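# Descriptive structure summary
So you can see what is in the structure, the chains are spelled out below.
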Amino acid sequence: MLSRPRPRLLAPLLAAALVGVLTGCSLLDRDAAGTPAAQPSAGAAGGGSQLEIPTTVAAGQVSLLQRLGADGPLRTLSVERDGAWQCLDCAGDGVTSRGTLAPELAERLQVLLANPVLATETDQARKYRTTCIDALTSSLLTSTGLITSQDCPGEERTAVAGEILLLLTQATPAEVNG
């Protein structure tokens, strides 16, 4: 019997789904100051073995997590280094879609992901906190860390992460705004 090959996007999608399940109503639990709160490990919560929640993906990969408002469904898009992507519920219809970025877009994405400025745009570096209610919250999970933005008036987009978000939303069913 031939074994069926595992999709390369399975691990990042499972990580994204795990993040969504463990974080509850928001993409990230934050303390009163707006900084990410420490998450208990699955072992601490369930008494089993330790399970670490990933905060980055491998170099050249990116995952986009989106939620409209506090109660909206979590939409996830994972893109591999070669441009292959898989999107869970991107259009809000429960459908999983797959595709591949055009070669020039895949190359542009790799250039953006390798840009050293991206490290200065992480939530930790910016001390980012969400400020809008019922806005579309988009979080990019990159090898440098998590970069969150909201579609709300007055919020400035980060330069490099903003370009990545725009590229992903124009080339896939993911949305740039609510």
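Scroll up to find the structure.
Below, the structure is looked at part by part. (Residues numbered from 1 in each chain as written. Predicted model: local features only at pLDDT ≥ 70, side-chain atom pairs only at ≥ 80, totals over all residues. Heavy atoms only, no water.)

On to the overall build of the protein. When helices and strands are tallied, the protein shows five helices and six strands. For the protein, the proportion of its 178 residues judged to be buried stands at 42%. By sequence separation, contacts in the protein at least 24 residues apart represent 55% of the contacts at least 6 residues apart. Entry remark: accessible area of the protein is about 9,700 Å², with carbon and sulfur atoms responsible for 57%. (Helix = DSSP H or I, 4+ residues; strand = E, 2+ residues; numbered from the N terminus. Buried < 20%, exposed > 50% of the residue type's maximum accessible area, 1.4 Å probe, protein only. Contact = heavy atoms within 4.5 Å. Areas by Shrake-Rupley, 256 points an atom, 1.4 Å probe, with all protein chains shown as cover.)

Here we take up the nonpolar core. If you look at the biggest cluster of nonpolar residues, it comprises 22 residues, and the most contacted ones within it are V62, L77, V79, L109, L140, I164 and L168. Counting residues per element, the ones that place at least two in this core are β1 (62–68), β2 (75–79), β3 (84–88), α3 (103–114) and α5 (159–171). The greatest single-element share of this core, amounting to six residues, is contributed by α5. (Core = buried A, V, L, I, M, F, W, Y, C linked by side-chain atoms within 4.5 Å.)

Of note, S139 is situated in strand β5 (residues 136–142). The class of S139 is buried, set by a relative accessible area of 1%. One polar contact links S139 to T148, side chain to side chain, over a distance of 3.0 Å. (Polar contact = N/O pair within 3.5 Å; in protein donor to acceptor, adjacent residues only side chain to side chain.)

What follows concerns the state of the cysteines. Following the criterion strictly, the structure yields one disulfide and no others. A sulfur-sulfur separation of 2.2 Å characterises the disulfide bridge that pairs C132 with C152. The sign of the 85° torsion about the S-S bond sets the C132-C152 disulfide as right-handed. One end of the pair, C132, is in the loop between α4 (123–126) and β5; the other, C152, is in the loop between β6 (145–150) and α5, and 20 residues separate them in sequence. By relative accessible area, C152 is classed as buried at 10%. (Disulfide = S-S within 2.5 Å.)

All right, on to unusual backbone geometry then. A positive phi angle, close to 55°, is found at K127, a residue other than glycine. Structurally, the position occupied by K127 is in the loop between α4 and β5. The backbone of D134 sits at a positive phi, close to 60°, despite the residue not being glycine. Of note, D134 is situated in the loop between α4 and β5.

Take α5 next. Between its first and last C-alpha, α5 extends 18 Å over 13 residues, near the 18 Å set by a 1.5 Å rise per residue. Within α5 the residues assigned to the buried category are V160, A161, G162, I164, L165, L167, L168 and T169. Structurally, α5 contributes buried residues whose contacts are with β1, β2, α3, β5 and β6. (Expected span 1.5 Å × (residues − 1).)

Spatial ordering of the open sheet is given by β4-β3-β2-β1-β5-β6, a layout of six strands whose pairing is antiparallel. Strands at the two margins of the open sheet, each flanked by one partner only, are β4 (96–100) and β6. Taken over all neighbouring pairs, the strand axes of this sheet differ in orientation by 15° on average, direction set aside. Where β3 and β4 come together, five bridges link them in antiparallel fashion. (Pairing = 2+ DSSP bridges. Axes fitted to C-alpha atoms, helices over the stretch in contact; angles between N-to-C directions.)

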